[in-house]
Amino acid sequence: MPAGCLIERLRIESLTETVKDVVLASNPKSALKLLTASLEESLPERASSKHMAGRNLGCQEPAQSLKYYANAA
């Protein structure tokens, strides 16, 4: 299996186990609050440059030539 597939599989297994632990807890509401608090503290914030994230996209208006060809069609 490619590394990406393995990582995705581990994420799904982890999510399933977490949901199972919360549901089977004696007090699910407090278990969920505890889980949420620990996740907010432990997950790093990473800036990504993939998929044009945070980049200036420039002018998004159609050019005059594009408008001309659209009207001609």
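Below you will find a few notes about this structure. These numbers come from a predicted model, not from an experiment.

## What to know about the overall build of the chain
A tally of helices and strands in the chain yields three helices and zero strands. Taken from N to C terminus, the helices and strands of the chain fall in the order α-α-α. Whereas a compact globule of 73 residues would reach a radius of gyration of roughly 11 Å, the chain reaches 23 Å, over 25% beyond that. If one aligns the C-alpha atoms of the chain with their principal axes, the spans along those axes are about 70 × 35 × 25 Å. Scored against the burial criterion, the 73 residues of the chain give a buried share of 1%. Of the roughly 7100 Å² of accessible surface on the chain, 59% is carried by carbon and sulfur atoms.

## Some points on the pattern of salt bridges
Summed over the entire model, instances satisfying the criterion amount to three salt bridges. With its nearest N and O atoms 3.2 Å apart, the salt bridge here joins arginine 9 to glutamate 13. Taken together, the residues span about one helical turn, with arginine 9 and glutamate 13 both in helix 1 (residues 3–24) at a distance of four residues. Residue class for arginine 9 comes out partly exposed when judged on its relative accessible area of 47%.

## Describing the packing of helix 1 against helix 2 (residues 28–42)
Put simply, helix 1 and helix 2 touch, their axes get as near as 7 Å, and they point 140° apart. As far as their axial angle goes, helix 2 and helix 1 are oblique. Contacts from Thr18, Val22 and Val23 in helix 1 reach Pro28, Leu32 and Leu35 in helix 2. In terms of residue class, the contact of helix 1 with helix 2 is built from five nonpolar, one polar and no charged.

The rules behind these values
- Residues numbered from 1 in each chain as written.
- Predicted model: local features only at pLDDT ≥ 70, side-chain atom pairs only at ≥ 80, totals over all residues.
- Heavy atoms only, no water.
- Helix = DSSP H or I, 4+ residues; strand = E, 2+ residues; numbered from the N terminus.
- Rg over C-alpha atoms; globule rule 2.2 N^0.38 Å.
- Buried < 20%, exposed > 50% of the residue type's maximum accessible area, 1.4 Å probe, protein only.
- Areas by Shrake-Rupley, 256 points an atom, 1.4 Å probe, with all protein chains shown as cover.
- Salt bridge = Lys/Arg side-chain N within 4 Å of Asp/Glu carboxyl O.
- Axes fitted to C-alpha atoms, helices over the stretch in contact; angles between N-to-C directions.
- Parallel < 35°, antiparallel > 145°, perpendicular 65-115°, else oblique.
- Contact = heavy atoms within 4.5 Å.
- Nonpolar A, V, L, I, M, F, W, Y, C, P; charged D, E, K, R; others polar.

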